[in-house]
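Residue-level structure breakdown
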Amino acid sequence: MAWAPKSRPGPAEQPAPARRRRPVVLGTLLATLATLTVGLTAYSVARTGPADRPSPAAGADDPTRRQAYELLLAAAGALSSAPGQHYHGSLTADGGREVGIDARVTREGLTLSTVDFTGGGHGDLLDLGRDGTYARGDAAFWSAAHAPGSGSAYGTAWVRIDFDALGFDPRALIPSILAADLLPAGHEDEAPPPPADLPRLGDLAPVGGVEARQVRLEHATVWITTAKPPRIVRVEPAPAPASGPGPAAPALDVEPLDGAALSALRTTASQRAAELDHALDSQVTAAIDGQIKVGPCAPASCVATVTVINNVNARSPYMHPAAQVNAEVTIEMTLDDKHLNTCTETVTMPANGKTTAKCTTSYSVKQATSGGEYFIGAKASTSSRALTPADVQRLTTVVAGPPPAPPVSPSALPPPCARPTGADGGPGHWHPAPVLGAPAALAYQEQVTGVRADVHYRVGDRDFDGYRTDAGAQVLLDAKPEGSSWQLWGARPTGDGRLAYADDEDKSETAVAWANRARHRLDAELHRLRAELDAVRPYSGAKLRLVTAEADVLDKLRAYAKSQLPQDDYARLEWRTEPVDRAFTGCP
C-alpha cells in the first residue's frame, strides 16, 4: 500500500527525563500508537492530578482544533476496541494502482476480503494473522498482483503469499493499526501533537444514513458520527499537497460488525480455512532430486524412495517465516506398466533442505505379463504446500471462534470491586479518578487490581492502576489489557534476549512501517516506565508490577526494558501475564 503511517522517532539513545502523567481527558491522550487502542492502556485512564494538566497554550490559538483532536481520539478508540469492522472502498497499491476492496476484519486480525484491481483481476484474501495470508484469483488477478513465479500455474488454488506481495498491505486494515495510522504523530509519548499538527473540524454531512462531522488531517479526511459514542464511518485521502502528491490514505466506508455479522465472518473464514489443505506456497519451490530409487523388492512387495528438495525465495524471512517447508509428494508404482499403487503424503523438511518419501506396494507375480521376468516402475511428482493436514484442522477450529474461557478458581477472582481509601499501608494514597477508556480495558484493570477503575493509587505526583502488599513487599500495579500485540508485531525477541525488528534485513516500505510502529510503541512504554520508577524509587523495597493480558507483549516489553534501563531500576520491575477473564465484564 502506498499509504503508510508517518515516520516516527525510534528509541531514545539516552534515558529521557521523567514525564508526569496527565489526567486523561480525551484531548490529552496519546496522539500516537501508545494509548490509542484497547492496547497497553486503551485510552489510558487518568494517571495523575490537576497540577499536571497540559498547558492551555497547547491548542489555545484554535480551540476547534483541540475539539477535532479529542473527537478523533474518541472515535479511533471505538474503531480499535470494537470486535470487528466492515470496510468497503479502495486502496492505492504500488505504482498508484487503485484496488477495490470489501473486507471484514476482526479485532484480532482475522480478515476475509475480496479484491478487484482496476483494469481487471478479481481475487479473494484470507488473512489468518500469524498463520499466514492466502489468496486465490483469476489469471488477471495474479498478473495484476505481480505474483512470484507463474501465477497462471496457481489455477483456482489458495496460495500463501507475503501479505504485502499484492502491492498493498491488507493488515493495515486491522482496526487498531488503521486507527493508529490515522492519528497525527506526537513528538512525545504522552503529549498531544504540536498545535500546528492538530486536525481541523470540517463540514457536517450525512454519511451512510447518519450525520457525520468531517475531521481533516494532513494525510486523510475522517468522517465521525455526531451521535454518541462517536465512531468513524468514512476515511478518505486528503487532497494532494501543493508540493506534490504524497502517500494516499484509503477511501473506505466503515461499519462495525454486529454479533450476527461477526459470527457469519468466523463461519465463512473457518470454511475457507478448511480449503487450505492443498494451498500452495508462493515463496517455496519443491522438486524431486535425482532418480527414484526402486527397491528393495521382495517376491510380493517393493518400495520406491524419492528425495525431495526445496528452495525458499522469501523476500522477508520476518514476514514470511519458513523455518520448515511442507511439500506434497505423489509416487505412482507400476508392474510392467500397469498401475499398482499411488501413495500421496505431505512431508516436512528444513528450509532449503531435503527429505525423503516412500511408497510401498504389494503385488502377485501372476500379475506380470511375462513368464519369468517383470518390471517394477515408479514415477513421482511434488509441489509445495503451505500447511500440513494437522495445521488445517487446527486452523478451522481456531478461526471458528475463541475457545471458551477456562474456569477461574475462586481464589483467583478479584475482590468485589473495592473502593479503598487512605494510604492502605503503602507509600501513597487512594484517590478518586475520572473513568475514561474503552470498557474492555477498564474491566481488565479492575480484574487485575481488584478495585474499581474510578480510584487510583497515587505516589508523589504519579497515579498507578492499583496497589497491594505481596509477601510483605509494597507493589504498585500497571495493568495492560488486550490489543497491543499487533502494534508490537514488528519487533521479536531473539534467543539472546535482544529484540529483532522487521526492517533489520528487509528495507521495504511495509517492513519499515511495521518496525517503526513497534519501535515507537516500545519507546513510549519505556518513557512511561521511567516515570513510574521515578515515583517508586524513593521507597526501599517497593516494586512496580506490570501485568499484561498478552504473553508476547510481556516478552517484548521485558526484553526492551532490560536493554534500556539501569540494572537497579530493572530489578524493581515484576512481570506477570494474566489472561482476560471473559466472565468478568467490569464493576457495575
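Preceding this section is the structure that the text describes.
Quick summary incoming for the structure in this document. Source: prediction; values computed, not measured. (Residues numbered from 1 in each chain as written. Predicted model: local features only at pLDDT ≥ 70, side-chain atom pairs only at ≥ 80, totals over all residues. Heavy atoms only, no water.)

Section: the overall build of the protein
To keep it simple, the criterion reads: Helix and strand assignments come from DSSP, with helices taken as H or I runs of at least 4 residues and strands as E runs of at least 2, each series counted from the N terminus. To sort residues, take the accessible area from a 1.4 Å probe on protein chains only and compare it with the maximum for the residue type: under 20% means buried, over 50% means exposed, and anything in between is partly exposed. In this analysis, two residues are considered to be in contact whenever any of their non-hydrogen atoms come within 4.5 Å of each other. Residue burial considers only the protein chains on display, and all accessible areas are found by Shrake-Rupley using a 1.4 Å probe.
Of regular secondary structure, the protein possesses nine helices and 28 strands. When each of the 588 residues of the protein is scored for burial, the buried share is 53%. A separation of at least 24 residues holds for 67% of the contacts in the protein among residues at least 6 apart in sequence. By element, 54% of the accessible surface of the protein is carried by carbon and sulfur atoms, the whole surface being about 24,700 Å².

Looking at the sheet that holds strand 5 (residues 133-137)
Heads up, the condition is: When DSSP finds two or more bridges between two strands, those strands count as paired. Orientation is described by axes fitted as lines to C-alpha atoms, over the contacting stretch for helices, and by angles from 0 to 180 degrees between their N-to-C directions.
The twelve strands are arranged 7-8-9-10-11-1-2-3-4-5-6-12 in an open sheet whose pairing can be described as mixed. Strands with a single pairing partner mark the edges of an open sheet, and in this sheet they are strand 7 (200-207) and strand 12 (280-281). Sheet topology places strand 10 (residues 232-237) next to strand 11 (residues 251-256); two bridges connect them, and they run antiparallel. Opposite Arg 234, over in strand 11, you have Asp 253 as the bridge partner. Relative to the sheet, helix 1 (residues 63-81) contacts strand 1 (84-92), strand 7, strand 8 (210-216), strand 9 (220-225), strand 10 and strand 11, its axis offset from that of strand 7 by approximately 50°. Against the sheet, helix 3 (residues 175-182) touches strand 1, strand 2 (98-106), strand 9 and strand 10, its axis set at about 55° to strand 1.

Some words on the environment of Tyr 374
For Tyr 374, the location among the structural elements is in the loop between strand 18 (354-362) and strand 19 (376-385). Judged by relative accessible area, which is 27%, Tyr 374 ranks as partly exposed.

Considering the sheet that holds strand 22 (residues 462-464)
Pairing is antiparallel in the open sheet, where three strands are placed in the order 20-21-22. Both outer strands of the open sheet, strand 20 (429-432) and strand 22, are each paired with one neighbouring strand and no more. This sheet shows a mean twist of 45° between the axes of neighbouring strands, independent of strand direction. Bridging between strand 20 and strand 21 (residues 455-459) involves four bridges; their strand directions are antiparallel. Bridging from a neighbouring strand, Trp 430 pairs with Tyr 457 of strand 21. Taken strand by strand, helix 7 (residues 509-536) contacts strand 21 and strand 22, and its axis lies near 100° from that of strand 22.

Purely spatial values, then, with no claim about function.
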